[in-house]
Amino acid sequence: MQGIIGAAALWMLTGALDAFAHPHSFISLQSTVVVRDDQFIALKMRWTMDEITSADLLYDAGDAPPGSEVWKKLAAEVMANVLGQHYFTEVWHNGKKVKFIDRPTSYSLEEENHQAVLNFVLPLASAQPLSGQTYTFSTFDPSYYVDMSYAEDSDARLPPALASRCSLKVMTPSPGDEVLDFASSLDKADAPPEDMNLGRQFAQQVTLQCQ
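Here we summarise the structure given alongside this text. (Residues numbered from 1 in each chain as written. Predicted model: local features only at pLDDT ≥ 70, side-chain atom pairs only at ≥ 80, totals over all residues. Heavy atoms only, no water.)

Quick look at the overall build of the protein chain
In terms of helices and strands, the protein chain carries four helices and eleven strands. Taking all 211 residues of the protein chain together, 45% fall into the buried category. In the protein chain, once contacts between residues fewer than 6 apart in sequence are set aside, the share between residues at least 24 apart is 71%. With an accessible surface of roughly 11,000 Å², the protein chain has 50% of that area assigned to carbon and sulfur atoms. (Helix = DSSP H or I, 4+ residues; strand = E, 2+ residues; numbered from the N terminus. Buried < 20%, exposed > 50% of the residue type's maximum accessible area, 1.4 Å probe, protein only. Contact = heavy atoms within 4.5 Å. Areas by Shrake-Rupley, 256 points an atom, 1.4 Å probe, with all protein chains shown as cover.)

Examining the packing of helix α1 (residues 51-61) against helix α2 (residues 69-84)
Interhelical geometry of α1 versus α2 gives an angle of 145° and a closest axis separation of 9 Å. As for how α1 packs across α2, the hand of that crossing is right-handed. For the pair formed by α1 and α2, the contact residues are Leu57, Leu58, Asp60 and Ala61 on the first element and Val70, Trp71, Leu74 and Val78 on the second. Each residue belonging to the contact of α1 with α2 can be placed in one class, and the counts come to seven nonpolar, no polar and one charged. (Axes fitted to C-alpha atoms, helices over the stretch in contact; angles between N-to-C directions. Left-handed = near helix turned anticlockwise from the far one by under 90°. Nonpolar A, V, L, I, M, F, W, Y, C, P; charged D, E, K, R; others polar.)

Side note on the state of the cysteines
Note: disulfide means a covalent bond formed between the sulfur atoms of two cysteine side chains. By the definition in use, this model includes one disulfide. Between Cys166 and Cys210 runs a disulfide, and the two sulfur atoms are separated by 2.0 Å. A torsion of 110° about the S-S bond marks the disulfide between Cys166 and Cys210 as right-handed. One end of the pair, Cys166, is in strand β10 (residues 166-171); the other, Cys210, is in strand β11 (residues 205-210), and 44 residues separate them in sequence. In terms of burial, Cys166 and Cys210 fall into one category: buried. (Disulfide = S-S within 2.5 Å.)

Overview of the environment of Asp38
Note on placement: Asp38 falls in the loop between β1 (25-36) and β2 (39-49). In this structure the C-alpha to C-alpha distance between Asp38 and Leu162, which are 124 residues apart in sequence, comes to 8.9 Å. Excluding residues within four positions of it along the chain, Asp38 makes contact with Leu130, Ser131 and Arg165.

Regarding the side chain of Asp141
Checked against the element boundaries, Asp141 lands in the loop between β7 (134-139) and β8 (146-149). Accessibility expressed as a relative area gives 1% for Asp141, which makes it buried. In this structure the side chain of Asp141 is engaged in a polar contact, spanning 3.1 Å, whose partner is the backbone nitrogen of Val146. (Polar contact = N/O pair within 3.5 Å; in protein donor to acceptor, adjacent residues only side chain to side chain.)

What to know about the layout of surface pockets
Leftover empty space is mapped by rolling, across the atoms, a probe with the size of a water molecule. Approximately 230 Å³ is the volume attributed to the largest pocket. Lining the largest pocket, in full, are Gln85, His86, Phe88, Thr89, Glu90, Lys97, Val98, Lys99, Phe100, Phe140 and Pro142. (1 Å grid on protein atoms, 1.4 Å probe; cavity = no way out; pocket = protein on both sides within 12 Å on 5 of 7 lines; lining within 4 Å. Points joined across faces, edges and corners; volume = space filled by probe spheres on them.)

Put into structure tokens, the structure is as follows:
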């Protein structure tokens, strides 16, 4: 199978895009906090790729039925690229980064409205307390080659059991003109300096706060 490459570009499809400014691909995020025994244990993720980015994946899947070996193989390849970048996600608590298990507990790839959709559960390495605690989490491509964002604040979700005592707030940053101009100046062949961590400057931050 051709087209899927990893590392900084996630699973960007070779030759799929002709745009001349970052980002070159768009992923709509949905995330749900997963809780067990009143502890934060995982994030359930749903990533919907734009139609252009989806095109080669859907071509490779052909007419294969959902859940078939073809879809499972594609899902494994995409997931391997995501794992290579630590799920493109950070969770923070009390100024410290929360560690993840290095394999998702479940994952799948599917088609919806001519778009490829990756679903997976990102497990925390250890269960985290909720009562009186505040967490933040962000999902982003450090290079900003891929724009990863919530279309609506409501796409960051709580389970019903937490709705009465916890809240989620999505904060969208406003990078300065210098950063915006730099991002716009990059074409497909360019990559920002790693220490600039360009994607982080555009990353939405979700705050989970519990009583």
